[in-house]
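Below, each chain spelled out in residue letters.
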Amino acid sequence: VQLQACGGGLVQAGGSLRLSCAASGFTASNYHMAWFRQAPGKEREFVAAISWNGGNPFYADSVKGRFTISRDNAKNTVYLQTNSLKPDDTAVYYCAADRRGGSNWYGGVRDIDYWGQGTLVTVSS
């Protein structure tokens, strides 16, 4: 099982990045998917999630209106389009897969079925 995230980088405030997460080793289309992030010295936090069929996207208040989550089940890939980036968005971004989704995204890290390695997003002011 692997979730390979990429697309991070250094961007100026107000800029955009598109993160991708490619799944392999399991049937990703059967799983809800999400993005989390962890800033230096802070706990990992929920960013956005999407249902197994691409419906019901929902977001943390801090990114609502600026970030968009989507998925392409034919490519076993989930995306996070990040716009109007702020320095506070600086973090390592992780993708995750879970059969339950919903409120389970707000549980502990161990409650999630699969985690990917992170991709670093740095937003300069």
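About the thresholds
Residues numbered from 1 in each chain as written. Predicted model: local features only at pLDDT ≥ 70, side-chain atom pairs only at ≥ 80, totals over all residues. Heavy atoms only, no water. Disulfide = S-S within 2.5 Å. Helix = DSSP H or I, 4+ residues; strand = E, 2+ residues; numbered from the N terminus. Buried < 20%, exposed > 50% of the residue type's maximum accessible area, 1.4 Å probe, protein only. Salt bridge = Lys/Arg side-chain N within 4 Å of Asp/Glu carboxyl O. Contact = heavy atoms within 4.5 Å.

Chemist: Which parts of the structure should I look at to understand the state of the cysteines?
Modeler: Under the definition given, this model contains one disulfide. Covalent S-S linkage joins Cys-21 and Cys-95, the inter-sulfur distance amounting to 2.0 Å. On the sign convention where negative is left-handed, the bridge of Cys-21 and Cys-95, at about 55° about the S-S bond, is right-handed. Placement of the pair is Cys-21 in strand β3 (residues 17-24) and Cys-95 in strand β9 (residues 91-98), with a sequence separation of 74 residues. Between Cys-6, a free cysteine, and Cys-21, which holds the nearest cysteine sulfur, the sulfur-to-sulfur gap is 8.4 Å. A residue is classified by how much of its surface remains accessible, and Cys-6, at 43% relative accessible area, is partly exposed.

Chemist: Which parts of the structure should I look at to understand the pattern of salt bridges?
Modeler: If charged atoms from side chains of opposite charge come close, those side chains can pair. For the structure shown, the criterion picks out seven salt bridges. Here Arg-66 ties to Asp-89 by a salt bridge, and the two come within 2.7 Å at their closest N and O atoms. With Arg-66 in the loop between β6 (58-59) and β7 (67-72) and Asp-89 in the loop between β8 (77-82) and β9, the pair connects residues that are 23 residues apart, well separated along the chain. Judged by its relative accessible area of 2%, Asp-89 falls in the buried class. We note a salt bridge from Arg-99 to Asp-113, for which the minimum N-O separation is 2.8 Å. In this pair, Arg-99 sits in the loop between β9 and β10 (114-115) while Asp-113 sits in the loop between β9 and β10, placing the two residues 14 residues apart along the sequence.

Chemist: Where do I start with the environment of Leu-80 in this structure?
Modeler: Position of Leu-80 among the secondary structure elements: in strand β8. Leu-80 sits in the buried class, given a relative accessible area of 0%. Non-local contacts of Leu-80, meaning those with residues more than four positions away in its chain, are made with Leu-17, Arg-18, Leu-19, Trp-35, Val-47, Ala-48, Phe-67, Thr-68, Ile-69 and Tyr-93.

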